[in-house]
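# Overview (structure and organization)
So you can see what is in the structure, the chains are spelled out below.
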Amino acid sequence: MAKRGGFGGGMPNNMNNLMKQAQKMQKKMQEMQEDLDTQVFEASAGGGAVKVVVSGKKEVTKVSIDPEVVDEDDVEMLEDLILAAVNEAMRTADEQVNQQMSKLTGGLNMPGGLF
């Protein structure tokens, strides 16, 4: 007579362990995301002429501009410096998130949007 379920006796136990591990990892990822959300990342451009602070939620929270670089005849340069500083701060935040997630997942690449 064939066994019910077709997977043998050890499978349900392994599945329960796998589910418990997945739940633990999900909880750790949530805690890590909450921690990252409270962090701030700062970057500058133009030798510190423009500084930008970004939250872990990837929101720009502060922009500082050295008054010496404000030139009404060269607004484009100031715009470029702000853009460069914002992009660098966002890259810094992304790198930190990826490093933290890599530690948690043991280097496994998780599908986008899971954290």
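Naming follows an unreviewed UniProt entry, where the chain appears as Nucleoid-associated protein HZI73_02515 of Vallitalea pronyensis. The record held by UniProt for the chain lists under Sequence similarities (unreviewed entry) the comment "Belongs to the YbaB/EbfC family." Its UniProt record gives the chain the following Subunit (unreviewed entry) comment, quoted word for word: "Homodimer."

As recorded in UniProt, the feature "coiled-coil region" (unreviewed entry) lies at residues 15–42. Measuring from the first to the last C-alpha atom of residues 15–42 gives 44 Å, for a span that is 86% helix and 11% strand.

Below, the discussion takes up the sheet that holds strand β2 (residues 50–55). Reading across from one edge, β1-β2-β3 is the order of the three strands in this open sheet, with antiparallel pairing throughout. The sheet is open, and its two edges are formed by β1 (40–45) and β3 (60–65), each paired on a single side. Each strand axis lies, on average, 15° off the axis of its neighbour in the sheet, ignoring direction. Sheet analysis places β1 next to β2, joined by six bridges and oriented antiparallel. Residue alanine 45 lies in a different strand from β2, and its bridge partner there is valine 50. Together, β1, β2 and β3 form the strand contacts of helix α2 (residues 75–105), whose direction differs from that of β1 by roughly 145°.

Another aspect to go through is a negative patch on the surface. Among the surface-exposed residues, Asp71, Glu72, Asp73, Asp74, Glu76, Glu79 and Asp80 lie close enough to one another that they form a single negatively charged patch. Topologically, glutamate 79 is positioned in helix α2. Taking the relative accessible area as the measure of exposure, glutamate 79 reaches 48% and is therefore partly exposed.

What counts, and at which threshold
- Along each chain, the written sequence defines residue order, and numbers are assigned to residues from 1.
- Given that the model is predicted, a residue must reach a pLDDT of at least 70 before its local features are reported, and side-chain atom pairs must reach 80 or more before they are shown or counted; all residues, however, enter totals for whole chains, interfaces and linings.
- Note that water and hydrogens are dropped before the side-chain values are worked out from all heavy atoms of the structure.
- UniProt positions are given in the numbering used here, feature names are shortened, and annotations may be inferred rather than shown by experiment.
- Each helix corresponds to a stretch of at least 4 residues labelled H or I by DSSP, and each strand to a stretch of at least 2 residues labelled E; elements are numbered beginning at the N terminus.
- Strands pair, by our definition, only if DSSP identifies at least two bridges between them.
- Under this scheme, a helix contributes an axis fitted over its contacting stretch, all axes are lines through C-alpha atoms, and angles between N-to-C directions fall in the 0 to 180 degree range.
- Contact between two residues is taken to exist if any of their heavy atoms lie within 4.5 Å; hydrogens are not considered.
- Surface patches are defined over residues having more than 30% relative accessible area and no salt bridge, joining like charges when they lie within 9 Å and nonpolar side chains (Val, Leu, Ile, Met, Phe, Trp, Tyr) when within 5 Å.
- Computed with the Shrake-Rupley method and a 1.4 Å probe, the accessible areas treat only the protein chains shown as cover for residues.
- Salt bridge, as used here: a side-chain nitrogen of Lys or Arg that lies within 4 Å of a carboxyl oxygen of Asp or Glu.
- In this tally, Lys and Arg are treated as positive and Asp and Glu as negative; His is ignored, and so are the chain termini.
- Where a charge sits is defined by one atom per residue type, namely NZ (Lys), CZ (Arg), CG (Asp) or CD (Glu).
- With a 1.4 Å probe rolled over the protein chains alone, any residue whose accessible area is under 20% of its type maximum counts as buried; one over 50% counts as exposed, and the rest are partly exposed.

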